[in-house]
2 protein chains.
Amino acid sequence: MNHLPLRRMPNRNYVEAQARIFKALGHPSRLLMAEALLEGPLCVAELQHLVGADMSTVSRHLAVLKSADIVSDEKRGLHVYYSLKLTGLGQFLTSTSAALDKRVQERQAQLTAMMAP
Amino acid sequence: MNHLPLRRMPNRNYVEAQARIFKALGHPSRLLMAEALLEGPLCVAELQHLVGADMSTVSRHLAVLKSADIVSDEKRGLHVYYSLKLTGLGQFLTSTSAALDKRVQERQAQLTAMMAP
DNA sequence: TGCTTATTTTGCAAATTATGCAAATAAACG
DNA sequence: CGTTTATTTGCATAATTTGCAAAATAAGCA
């Protein structure tokens, strides 16, 4: 009878599993790849071009994202395509972007105030 | 004329700043504290009791959350109260919780299928 | 079958970063 | 002052990240 979205009790294991998701996204290269996958699936070579790192490094980053269940992979011919599996990431990035924008604006305002005599 | 929420280009600095947010939440103690703060402000002693770690450790974790602009602090008498500053966290946690639940259910289903003769 | 391409995995070494604990420090209040 | 609450710092230990190179897989093609 409960139509509201449920949230788990702060169970240890649960929190650790959630923390693993955040941790996986807590690296610029991995977050960049996840953001790119918001638009649709990409193969490893494309992701490598995006982040500009060694392919073995990219592959390892992808393994981290996969083990956190953030992405899924599918082989098509010679290529392996990665897709975003975690829903709600786009929305959350929108809020963090807004927060960052606000921070930048506040800095601007402070500077402006300091410049005024 | 664009009423849709904008998302930044995957600018280097921008992605790094966003990654810092995820990284900050990528630790069980910090995520637990952030989740608790969804309900309202708490002082350091209360948060310490929640995570069960040394107060200096808690303080450092809080400093990490603060430097990522996830929380804000305010002194009231002898106590310092922390509040959640980052909007959208609750929603995102709801989606990650759902994802985790699904994963658990899938494991259950696999086990059940294996048990069936 | 052999050859090529795409991707993963592994091992290693170096650099960076994170962690907890304990002691010192600061800030508010009576 | 003395007490309480919180932050900072120093230190030792552990974990992560990265590049590079080499080996291993796996799929498609001649």
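Everything in this summary refers to the structure shown in the same document. Treat the numbers as computed from the prediction; the structure is a model and nothing was measured.

1. What about helix α2 (residues 28–37) of chain A?
Here α2 of chain A lies mainly inside the structure; nine of its ten residues are buried. Turning to α2 of chain A, its buried residues number three or more, namely S29, R30, L31, L32, M33, A34, E35, A36 and L37 of chain A.

2. A closer look at the side chain of S97 of chain B
For S97 of chain B, the position within the fold is in helix α5 (residues 89–115). At a separation of 3.0 Å, a polar atom in the side chain of S97 of chain B contacts the side chain of Q18 of chain A.

3. Regarding the pairing of strand β2 (residues 71–76) of chain A
Residues and elements named next belong to chain A. Pairing of β2 with strand β3 (residues 79–84), which is carried by six bridges, proceeds in the antiparallel orientation. Pairing of K75 across the sheet is with V80, part of β3. Turn length for the β2-β3 hairpin, with the two strands adjacent in sequence and antiparallel, is two residues, and the turn residue G77 shows positive phi of about 65 degrees.

4. Focus on the relation of the copies chain B and chain A
It takes a turn of 180 degrees to lay chain B on chain A, together with a shift of 0.0 Å along the axis; the resulting RMSD is 0.1 Å. Both copies are brought into coincidence by an operation consistent with a two-fold rotation axis. Mapped onto chain A, 100% of the interface residues of chain B again fall at the interface, so both copies present the same surface.

5. Details of the protein's contact with DNA strand C
Looking at DNA strand C, there are 21 residues lining it, with S59 and Y82 of chain A together with H27, T57 and R60 of chain B nearest. Taking the atoms of DNA strand C that fall within 4 Å of the protein, sugar and phosphate contribute 61% of them. Measuring from a phosphate oxygen of DNA strand C, one finds a side-chain N or O atom of S59 of chain A at 2.8 Å. Between DNA strand C and H61 of chain B there is a distance of 3.4 Å, counted from a phosphate oxygen to a side-chain nitrogen or oxygen. Elements represented by at least two residues in the surface near DNA strand C include exactly α3 (44–51), α4 (55–67) and β3 of chain A together with α4 (55–67) of chain B. Along the lines of polarity and charge, the residues of the surface near DNA strand C split into eight nonpolar, eight polar and five charged.

6. A short note on the protein's contact with DNA strand D
Of all residues adjacent to DNA strand D, which total 21 residues, the nearest are H27, R60 and H61 of chain A together with S56 and Y82 of chain B. The separation between a phosphate oxygen of DNA strand D and a polar side-chain atom of R30 of chain A is 3.2 Å. Between DNA strand D and Y82 of chain B there is a distance of 2.6 Å, counted from a phosphate oxygen to a side-chain nitrogen or oxygen. Breaking the surface near DNA strand D down by element, the ones donating at least two residues are α4 of chain A together with α3 (44–51), α4 and β3 (79–84) of chain B. Counted by class, the surface near DNA strand D contains eight nonpolar, eight polar and five charged residues.

Scoring rules and cut-offs
Residues numbered from 1 in each chain as written. Chains lettered and ligands numbered in written order. Predicted model: local features only at pLDDT ≥ 70, side-chain atom pairs only at ≥ 80, totals over all residues. Heavy atoms only, no water. Buried < 20%, exposed > 50% of the residue type's maximum accessible area, 1.4 Å probe, protein only. Helix = DSSP H or I, 4+ residues; strand = E, 2+ residues; numbered from the N terminus. Polar contact = N/O pair within 3.5 Å; in protein donor to acceptor, adjacent residues only side chain to side chain. Pairing = 2+ DSSP bridges. Least-squares fit on C-alpha atoms with pLDDT ≥ 70 in both. Contact = heavy atoms within 4.5 Å. Near = heavy atom within 4 Å. Nonpolar A, V, L, I, M, F, W, Y, C, P; charged D, E, K, R; others polar.

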